[in-house]
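Fold and contact review
Here are the chains, one letter per residue:
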Amino acid sequence: QVQLVESGGGLVQAGGSLRLSCAASGSIFSINAMGWYRQAPGKQRELAATITSGGIANYADSVKGRFTISRDNAKNTVWLQMNSLKPEDTAVYYCNAPIRARGSYYYTDTWGQGTQVTVSS
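What counts, and at which threshold
- Residues numbered from 1 in each chain as written.
- Predicted model: local features only at pLDDT ≥ 70, side-chain atom pairs only at ≥ 80, totals over all residues.
- Heavy atoms only, no water.
- Salt bridge = Lys/Arg side-chain N within 4 Å of Asp/Glu carboxyl O.
- Helix = DSSP H or I, 4+ residues; strand = E, 2+ residues; numbered from the N terminus.
- Buried < 20%, exposed > 50% of the residue type's maximum accessible area, 1.4 Å probe, protein only.
- Core = buried A, V, L, I, M, F, W, Y, C linked by side-chain atoms within 4.5 Å.
- Contact = heavy atoms within 4.5 Å.
- Pairing = 2+ DSSP bridges.
- Axes fitted to C-alpha atoms, helices over the stretch in contact; angles between N-to-C directions.
- Phe/Tyr/Trp six-rings, centres within 6.5 Å; stacked < 30°, edge-to-face > 60°.

Quick notes on the pattern of salt bridges
- Taken as a whole, this structure holds four salt bridges when the rule is applied.
- Put simply, Arg38 and Asp89 hold a salt bridge, and the shortest N to O gap is 2.9 Å. Highlighted residues: Arg38 in strand E5 (residues 34–39) and Asp89 in the loop between strand E9 (77–82) and strand E10 (91–101), separated in sequence by 51 residues.
- A relative accessible area of 1% places Asp89 in the buried class.
- Measuring nitrogen to oxygen at the nearest pair gives 2.7 Å for the salt bridge that ties Asp89 to Arg66. Of this pair, Asp89 sits in the loop between E9 and E10 while Arg66 sits in the loop between strand E7 (57–59) and strand E8 (67–72), and the two are 23 residues apart along the sequence.
- Connected through salt bridges with shared partners, the residues Arg38, Glu46, Arg66 and Asp89 form a single ionic network.

Next comes the structure, spelled out in structure tokens:
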């Protein structure tokens, strides 16, 4: 069974930094673009950043210039470095990736369990 496991969330003051990690595990054949989404209380889940297997990154306007997404294809891991954090960045952050398991012919859209990020003012 393939899964994504996030870590690195926590409580930080405004202006601080956090680094989120997401590792894919299981019998993996390949992974397409990996991404981070976030969901604040009472709001819809939204894209924060994505990165292709080739390393091309895309960011939401709200995080551009403050967040950096990176990945290691050999380790099936993606990170999100978050700097200059603001109270409005408070949310549950979810890792997402389409993953093709060994022996499968299709990709399954896979989500992690989420990690809480809280930024105090």
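Some points on the nonpolar core
- Trp36, Leu80, Met82 and Tyr93 are the most contacted members of the largest nonpolar core, which has 31 residues in total.
- Elements with a minimum of two residues in this core: strand E3 (18–25), strand E4 (28–31), E5, strand E6 (46–51), E8, E9, E10 and strand E12 (115–120).
- Counting residues per element, this core draws most heavily on E10, which supplies five residues.
- If near-sequence neighbours (up to four positions away) are discounted, Leu80 is found in contact with Leu18, Arg19, Leu20, Trp36, Ala49, Phe67, Thr68, Ile69 and Tyr93.

Here we look at the sheet that holds E9
- Taken together, the four strands give an open sheet; going across it, the order is E1-E3-E9-E8, and neighbouring strands pair in antiparallel fashion. Both edges of this open sheet fall to strand E1 (3–7) and E8, since each of them pairs with a single strand only. Taking the axes of each pair of neighbouring strands and ignoring which way they run, one obtains an average angle of 15° across the sheet.
- Relative to E9, E3 runs antiparallel, the two being bridged by six bridges. Note on E9: the bridge partner recorded for Leu18 is Met82.

Overview of the packing of aromatic side chains
- Tallied over the entire structure, the rule returns two aromatic pairs.
- When the centroid spacing of 6.5 Å and the interplanar angle of 80° are considered together, the rings of Tyr94 and Trp111 count as edge-to-face. You can see Tyr94 sitting in strand E10 and its partner Trp111 sitting in strand E11 (residues 108–111), a full 17 residues away along the chain.
- The exposure class assigned to Trp111 is partly exposed, which follows from its relative accessible area of 34%.
- Through successive ring pairs, a cluster of aromatic residues spans Tyr37, Tyr94 and Trp111.

A few points about the pairing of E6
- Bridge count for E5 against E6 is five bridges, and the pairing is antiparallel. If you follow Arg38 over to E6, its bridge partner there is Glu46.
- Taking the residues that link successive antiparallel strands as the turn, the E5-E6 hairpin has six residues, and the phi of Gly42 there is positive, at about 75°.
- A loop of five residues connects E6 with E7, the two strands running antiparallel in sequence, and Gly55 in this loop sits at a positive phi of about 95°.

Coordinates in, geometry out; function isn't part of it.
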